2 protein chains.
Amino acid sequence: MRRFVIFANKAVTSPFNLNDLPGSAGRMDIVCRFISQALFISHGIRREVDVYAVLKGEPDPIKVLKFEGKSLRYISPDEKSIGGMINKALKARTSIKWREISPGVWISKKEVAEIIKELSELGRVYYLREDGEDVESVEFREPVFIIGDHLGLSEKDERAVLEVASEVVSLGDKSYQADQCVTILNYILDRRRVD
Amino acid sequence: MRRFVIFANKAVTSPFNLNDLPGSAGRMDIVCRFISQALFISHGIRREVDVYAVLKGEPDPIKVLKFEGKSLRYISPDEKSIGGMINKALKARTSIKWREISPGVWISKKEVAEIIKELSELGRVYYLREDGEDVESVEFREPVFIIGDHLGLSEKDERAVLEVASEVVSLGDKSYQADQCVTILNYILDRRRVD
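Just so it is clear, the model here is predicted, and its values are computed rather than measured.

1. Details of the interface of chain B and chain A
In this complex, chain B contributes 38 residues to the contact, which on the side of chain A involves 38 residues. Here A:D134 makes a salt bridge to B:R191, at a shortest N to O gap of 2.8 Å. In this structure, the connection of chain B to chain A is made through 23 residue pairs in polar contact (both at pLDDT 80 or more). Within the residue set of the side of chain B that touches chain A, elements represented by two or more residues are helix 1 (28-39), strand 2 (40-41), helix 2 (79-91) and helix 5 (178-192) of chain B. Sort the elements by how many residues they give to the side of chain B that touches chain A and helix 5 of chain B lands first, with eight residues. For the side of chain B that touches chain A, a count of residues per class yields 10 nonpolar, 12 polar and 16 charged.

Structure, rendered in structure tokens:
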């Protein structure tokens, strides 16, 4: 299994206008691209991937989304299709327990500490940061990658992640967008035949 | 310089509804993501990249778009922002000569043979296909990458590309989406410090 997690600092936590993902939805476009790039390959969905999005925006933070590759249906790789699914999830009543909104799409309401604890029990946590260990020299097992959005992780969230992280890793000299990090990591794992 | 070219078999050649990129615009979402992934990095635009999109859909094929990293402005990485720029270009009168619609955004009306000839004079042409030479063992110089959309290249277009291609290259066993191919190629070139 591969798991990818994005911390979306401004992404809203109530239903939003699908025609304005970058603006009033709090850069929800970044979340949509992240989910798309993690799960889709040509003509199919990666069944070995789960994606998490930690939505920290107003009015009802924090909500956590989970998209499970193994059971996902009714979704296309474009931003609006994924945004529509997120919108559907944000309309539902949420609690700390995961609730399935559509095949493979789950939502819950959790504190950062809770979701990080849960993730750390699923595999080894790798935190992506520009000054980390070069990814080319890191061996990945049951990876859970934690990636910031355009604002990065807050100091408090970063401290919580570092407490459980096996390693801080970097993709090299360039600073990539969150969704590009996922595409590159999927490629590296494909090459190494790590599932 | 790096150049990325997508052949978009169904992408429409007249203004379209920005809220329906995958449907009535003929999978224009693929073109938007391709352009976005080629040009954007975290907090900036890759000035060393040009992107071309060969639009082959109705009602007025073939139109060719060019997005030049070095002078591009007024654009964001989300599908709708890029779609809006394409829409603006498709509203303009076109001829075989390139016409600049907005800083760094150009459009022209060309046959496939003409655009391929032009591209082959700009650098070395690498055609991406699943059965090509493994990218990891290919050396790239002034690369012009030609990539198909979800339908691939037509037989006729492929013959024209193969006539000028230096090499047919592959990203490995997995079949990636066109925009993912670009992200991975940018990463590989970044690593090798090829600009």
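Once you've had a look at it, read on.
2. Comments concerning the environment of B:E100
Residues and elements named next belong to chain B. With respect to the helices, strands and loops of the structure, E100 is situated in strand 6 (residues 99-102). Along the backbone, E100 and D29 are 71 residues apart, and their C-alpha atoms lie at a distance of 22 Å. Sequence-distant contacts of E100, that is, excluding residues within four places in its chain, are made with V105 and W106. For E100, the side chain forms a polar contact with the main-chain nitrogen of G104, separated by 2.8 Å.

3. As for the relation of the copies chain B and chain A
Here chain B sits on chain A after a turn of 180° about the axis and a move of 0.0 Å along it, with an RMSD of 0.0 Å. This pairing of chains is accounted for by a two-fold axis. If distances are taken from each C-alpha of chain B to the rotation axis, the shortest is found for B:I184, at 2.9 Å.

4. Looking at the packing of aromatic side chains
Residue and element names in this part refer to chain A. Following the criterion strictly, the structure yields 12 aromatic pairs over all chains and no others. Aromatic side chains Y126 and F145 sit 5.7 Å apart centroid to centroid with 35° between the ring planes, which places their arrangement in the tilted category. Residue Y126 is found in strand 8 (residues 124-134), and its partner F145 is found in strand 9 (residues 143-148); the two are separated by 19 residues along the sequence. A single burial state applies to Y126 and to F145, both of which are buried. Taken together, F4, Y126, F140 and F145 form an aromatic cluster joined through their ring pairs.

5. Focus on helix 5 (residues 178-192) of chain A
Since the α-helix turns once every 3.6 residues, residues separated by three or four places project in the same direction. All names here are of chain A. When the terminal C-alpha atoms of helix 5 are compared, their 21 Å separation across 15 residues agrees well with the 21 Å that a helix rising 1.5 Å per residue should span. Among the 15 residues of helix 5, 13 are classified as buried, and the element is accordingly described as predominantly covered. Where helix 5 terminates, the next one or two residues include R193, which has phi positive at roughly 60°.

6. A look at the layout of surface pockets
Reported here for the largest pocket is a volume of approximately 580 Å³. Listing elements by their share of the lining of the largest pocket, those giving two or more residues are helix 1 (28-39), strand 8, strand 9, strand 10 (165-170) and helix 5 of chain A together with strand 2 of chain B. With four residues, strand 8 of chain A is the largest single contributor of residues to the lining of the largest pocket. Split into classes, the residues belonging to the lining of the largest pocket amount to 14 nonpolar, 10 polar and seven charged. Approximately 480 Å³ is the volume attributed to the second largest pocket. Lining the second largest pocket are 27 residues; nearest its centre among them are A:S42, B:E130, B:D149, B:S175 and B:Y176. Elements with a contribution of two residues or more to the lining of the second largest pocket: helix 1, strand 8 (124-134), strand 9 (143-148), strand 10 (165-170) and helix 5 of chain B. Here the lining of the second largest pocket takes four residues from strand 8 of chain B, the largest share from any one element. When the residues that make up the lining of the second largest pocket are grouped by side-chain class, the tally is 11 nonpolar, nine polar and seven charged.

7. Concerning helix 2 (residues 79-91) of chain A
In a regular helix each residue adds 1.5 Å, so 13 residues correspond to 18 Å; helix 2 of chain A covers 18 Å between its end C-alpha atoms and thus fits that length. Among the residues making up helix 2 of chain A, those that are buried are A:E79, A:I82, A:G83, A:M85, A:I86, A:N87, A:A89 and A:L90.

8. Overview of the sheet that holds strand 10 of chain A
By definition, the strands of a sheet pair up through backbone hydrogen bonds, in either a parallel or an antiparallel sense. Residues and elements named next belong to chain A. Within the open sheet, the eight strands sit side by side as 6-7-5-4-1-9-8-10. Their pairing is mixed. Every interior strand has two partners, whereas the edge strands, strand 6 (99-102) and strand 10, have only one. Between one strand and the next, the sheet's axes are offset by a mean angle of 30°, whatever the strand orientation. Against the sheet, helix 1 contacts strand 1 (2-8), strand 4 (49-55), strand 5 (63-68) and strand 9, and its axis sits at roughly 170° relative to strand 4.

9. A short note on the pattern of salt bridges
A pair can form between side chains of opposite charge whenever their charged atoms are brought close. Here the structure, examined in full by the defined rule, presents 39 salt bridges over all chains. Connected via shared salt-bridge partners are A:R27, A:D29, A:R33, A:E79 and A:D179.

10. Topic: unusual backbone geometry
The phi torsion of most residues other than glycine is negative, and most of the peptide bonds are trans. Residue A:P59 is bonded to the preceding A:E58 through a cis peptide linkage, with omega at 0°. For B:R27, which is not glycine, the phi torsion reads 60° and is therefore positive. Considering the arrangement of structural elements, one finds B:R27 in the loop between strand 1 (2-8) and helix 1. Even without being glycine, B:Y74 reaches a positive phi, approximately 55°. Locating B:Y74 in the fold gives a position in the loop between strand 5 (63-68) and helix 2.

What counts and what doesn't
Residues numbered from 1 in each chain as written. Chains lettered and ligands numbered in written order. Predicted model: local features only at pLDDT ≥ 70, side-chain atom pairs only at ≥ 80, totals over all residues. Heavy atoms only, no water. Contact = heavy atoms within 4.5 Å. Salt bridge = Lys/Arg side-chain N within 4 Å of Asp/Glu carboxyl O. Polar contact = N/O pair within 3.5 Å; in protein donor to acceptor, adjacent residues only side chain to side chain. Helix = DSSP H or I, 4+ residues; strand = E, 2+ residues; numbered from the N terminus. Nonpolar A, V, L, I, M, F, W, Y, C, P; charged D, E, K, R; others polar. Least-squares fit on C-alpha atoms with pLDDT ≥ 70 in both. Phe/Tyr/Trp six-rings, centres within 6.5 Å; stacked < 30°, edge-to-face > 60°. Buried < 20%, exposed > 50% of the residue type's maximum accessible area, 1.4 Å probe, protein only. Expected span 1.5 Å × (residues − 1). 1 Å grid on protein atoms, 1.4 Å probe; cavity = no way out; pocket = protein on both sides within 12 Å on 5 of 7 lines; lining within 4 Å. Points joined across faces, edges and corners; volume = space filled by probe spheres on them. Pairing = 2+ DSSP bridges. Axes fitted to C-alpha atoms, helices over the stretch in contact; angles between N-to-C directions.

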